[in-house]
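Breakdown of the fold
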Amino acid sequence: MGGKHHIHNIELLLMEEAWELFCKKAFSSSPNGSCPPQLKSFAQELVGKCNGLPLAIAALGSLMYSKNTSQWNEIYSSLNWSLSNNPELEGVKTILLLSFNDLPYQLKHCFLYCSLFPKDNKIRRKRLIKLWMAEGFVEKVEGSTLEEIVDSYLLKLTFRNLLQVIDRNEFGRPRRCKMHDLLRELALSISVKEKFGAIHGGGEEMKECKARRISIHKTDGEVKSFMGMSKLRSFLVFNKSLKTLPSRSKMLRVLDLEDAPIDELPDEVFKLFNLRYLNLRGTLLKKLPNSIGRLLNLQTLDIRDTQIKALPHGIGKLQSLRHLILHQFTRNWNDFKYITGPRTPSNICRLKNLQAVTYLEIKGDLLKQIRSMTQLTKIGLTNVKAADEMDLCDSIHNMKLMRYLCVMVTNAEETLHMDALLSPPTNLQKLVLVGKLEKVPQWFHSLQSLTYLHLRWSRLEEDLLPHIAALPYLGSLLLTNAYVGKQLCFSTGFLQLTSLKIRNFPQLNEIIIEKGVMPNLKSLHIISCMQLNTVPKGIEYLQNLQELILESVLMELQNHIEGEESVDFPKVQHIPIIYIR
């Protein structure tokens, strides 16, 4: 049974459906979600002007949410005026423009910035918020970090339907989003008009460009000139053949070269004193020069998936650095060491603004040194040894703000000792442990904020499940070669679990799911479990299961569920998507 792909063409809504969608957005906080009588005639006329387009109706509904009667009057009059005085703008664009004009100025900038990404680009939330921060769009609020404030900006734009969320994590937090074509067209026209930003195909027209932000989408070879760009603030490349970079743009804050085919950076880049964001992910770079230390305003450095094996000593001078993304995936999920990090000088511990660093290779006394980095919210560590237990647990214990932790030992034979950790950080949400565990760490039961757990190559001999079944927020559980037993029995709890992956369990021949356990499970993956010959007993109880994915499993297991005549088909017929590959 393979998954089928459908292209869904959005139909225009009938008046009744349009009204229902509008009320859902505009009056979600009213009793029964219904329109107050005094606004009904206004509201119906406004909905009529949307011509049934869901995007316009949703945007307008979100705009009217929480507006009072006099504001309704204002918006209604303004829309009528715009429609009659701007015949060159189609009605729907006028409505969308109204939504844009209602935004606070920081959100206007954030929205326009999204139009610099290519059409239909799936924009990573983490990339976008770091770009907005680098540009200075974020207004500081007492008691909140910049990251928290900028996250709230993204939520406001998605609430107003100005950005579409296309991928969420297990708790509904956006992972990736995109711009509707109509909105992008509108944002681009505003950007060009206001010299906010422009998209270029390269070539001669670059000389005349006065926009403060340039996004390169196509080039016929090398871009000839970046003259006249002294006020350039952002330079983004979405092109595989660009080899020339702006060098005279002293105001440049953002240089985003993700996946560009460059193997070295010109010296001029390290003279860009105002640079706050440098994205070199996926480039062909083999090293960073020591002069990186000149970029004293740098907030984000991303060298993920490059060929850089060591960081220069100059990294310790980057006192403004908040995000340091270093890791490289080996591309083979079945390797023990599926992720690596470059060698790092110990002076990295001087970076007191650093919020997140992934992944540091532990050498010398680096583990002792990082205990002073109490401000970290995210850290990944590789090359950890059993003998490091005290220093490791000491450092983690000090990091009270930690939300993400990954610890990977040196090799598959090394044991990961973490029992000296008296209590894990209270806010820890994501935990990844890679290496042999002699027993389940005794502090697992106190992971009261944990949403994601990945145990890899743990090869536990004791049953892990009773230790984690009661964790109140655990939404995603990934177990890779984590247990050597023959039976996994989900007998209680896992109330919030939505995603479960069981991979590479060499002796597992039975999975049992009791009734009422994992009631919210939506996705179940079973991969490379070569002793398992039947589907999990009790899979029929998982009434919310949306997908079952079986990969590299026995033919006997496939035969049990393939085809309506098969023995276990009745147990899985309620699952909409079943992939066997």
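Since this is a predicted model, take the numbers as computed values, not measurements.

Now for the nonpolar core. Among the nonpolar cores identified, the biggest contains 123 residues, and L301, F444 and F494 are the most heavily contacted of them. Among the elements that line this core, the one with the most residues is strand β15 (residues 404–409), at 6 residues. Those residues in contact with F444 that sit more than four places away from it in its chain are L431, L433, L453, L455, L464, H467, I468 and L471. The next biggest cluster of nonpolar side chains, apart from the first, holds 66 residues, and it includes F22, L146, V150 and L186.

So, on to the confidence of the model for the protein chain. Mean pLDDT over the protein chain stands at 87; residues scoring 70 or higher make up 91%. Mean pLDDT per element in the protein chain: helix α4 (residues 69–85) is the minimum at 67, and strand β9 (residues 300–302) is the maximum at 98. Considering only residues more than four positions removed or in separate chains, one finds that residues 1–10, a stretch of pLDDT under 50, has 11 contacts.

Strands pair in a sheet through their backbones, by hydrogen bonds, and they do so in one of two ways: parallel or antiparallel. Spatial ordering of the open sheet is given by β1-β3-β2, a layout of 3 strands whose pairing is antiparallel. Edge positions in the sheet fall to β1 (123–124) and β2 (164–168), since each of these pairs with one other strand and no more. Judged from the 2 bridges that link them, β1 and strand β3 (residues 174–178) form a sheet pairing that is antiparallel. Opposite R124, over in β3, you have R176 as the bridge partner.

With that settled, the discussion passes to the environment of L298. You can see L298 is positioned in the loop between β8 (277–279) and β9. On the basis of relative accessible area, L298 is assigned to the buried category, the value being 0%. In this structure the C-alpha to C-alpha distance between L298 and T340, which are 42 residues apart in sequence, comes to 24 Å. Apart from the residues within four sequence positions on either side, L298 is in contact with L275, R276, Y277, L278, L318, S320 and L321.

This part is about the pattern of salt bridges. Counting across every chain of the model gives 21 salt bridges. The shortest N-O distance in the salt bridge between K178 and D120 comes to 3.2 Å. With K178 in strand β3 and D120 in the loop between α6 (105–114) and β1, this pair connects stretches of sequence that are 58 residues apart. For D167, the salt bridge is made with R175, and the minimal N-O distance between the two is 3.9 Å. Overall, R175 belongs to the partly exposed group, its relative accessible area being 39%. One continuous salt-bridge network, built from bridges that share partners, spans R124, R127, D256 and E258.

The full count for this structure, using the stated rule, is 11 aromatic pairs. Ring geometry for Y65 versus F159: centroids 5.3 Å apart, planes at 70°, classification edge-to-face. Of the two residues, Y65 sits in the loop between α3 (54–64) and α4 while F159 sits in helix α8 (residues 146–159), which places them 94 residues apart along the sequence. Relative accessible area serves as the criterion here: at 38%, F159 is assigned to the partly exposed category.

Let us now look at unusual backbone geometry. The omega torsion across T358 and Y359 is -5°, close enough to zero to call that bond cis. Backbone geometry at D305 places phi at a positive 55°, although glycine is not the residue there. Checked against the element boundaries, D305 lands in the loop between β9 and β10 (323–325). Its relative accessible area of 18% is what places D305 among the buried residues.

This next bit is on the packing of helix α1 (residues 15–26) against α3. The interhelical angle for the contact between α1 and α3, taken along N-to-C directions, is 35°, at an axis separation of 7 Å. The way α1 lies across α3 gives a crossing that is right-handed. Touching A18, L21, F22, K25 and A26 of α1 are P54, I57, A58, L60, G61, S62 and M64, all from α3. Classifying every residue of the contact of α1 with α3 gives 9 nonpolar, 2 polar and 1 charged.

Next up on the list: α6. Burial analysis of α6 places 7 of its 10 residues in the buried class, the great majority of the element. Among all positions in α6, only Q106, L107, C110, F111, L112, Y113 and C114 are buried.

Procedures and definitions
Residues numbered from 1 in each chain as written. Predicted model: local features only at pLDDT ≥ 70, side-chain atom pairs only at ≥ 80, totals over all residues. Heavy atoms only, no water. Core = buried A, V, L, I, M, F, W, Y, C linked by side-chain atoms within 4.5 Å. Buried < 20%, exposed > 50% of the residue type's maximum accessible area, 1.4 Å probe, protein only. Helix = DSSP H or I, 4+ residues; strand = E, 2+ residues; numbered from the N terminus. Contact = heavy atoms within 4.5 Å. pLDDT = per-residue confidence, 0-100. Pairing = 2+ DSSP bridges. Salt bridge = Lys/Arg side-chain N within 4 Å of Asp/Glu carboxyl O. Phe/Tyr/Trp six-rings, centres within 6.5 Å; stacked < 30°, edge-to-face > 60°. Axes fitted to C-alpha atoms, helices over the stretch in contact; angles between N-to-C directions. Left-handed = near helix turned anticlockwise from the far one by under 90°. Nonpolar A, V, L, I, M, F, W, Y, C, P; charged D, E, K, R; others polar.

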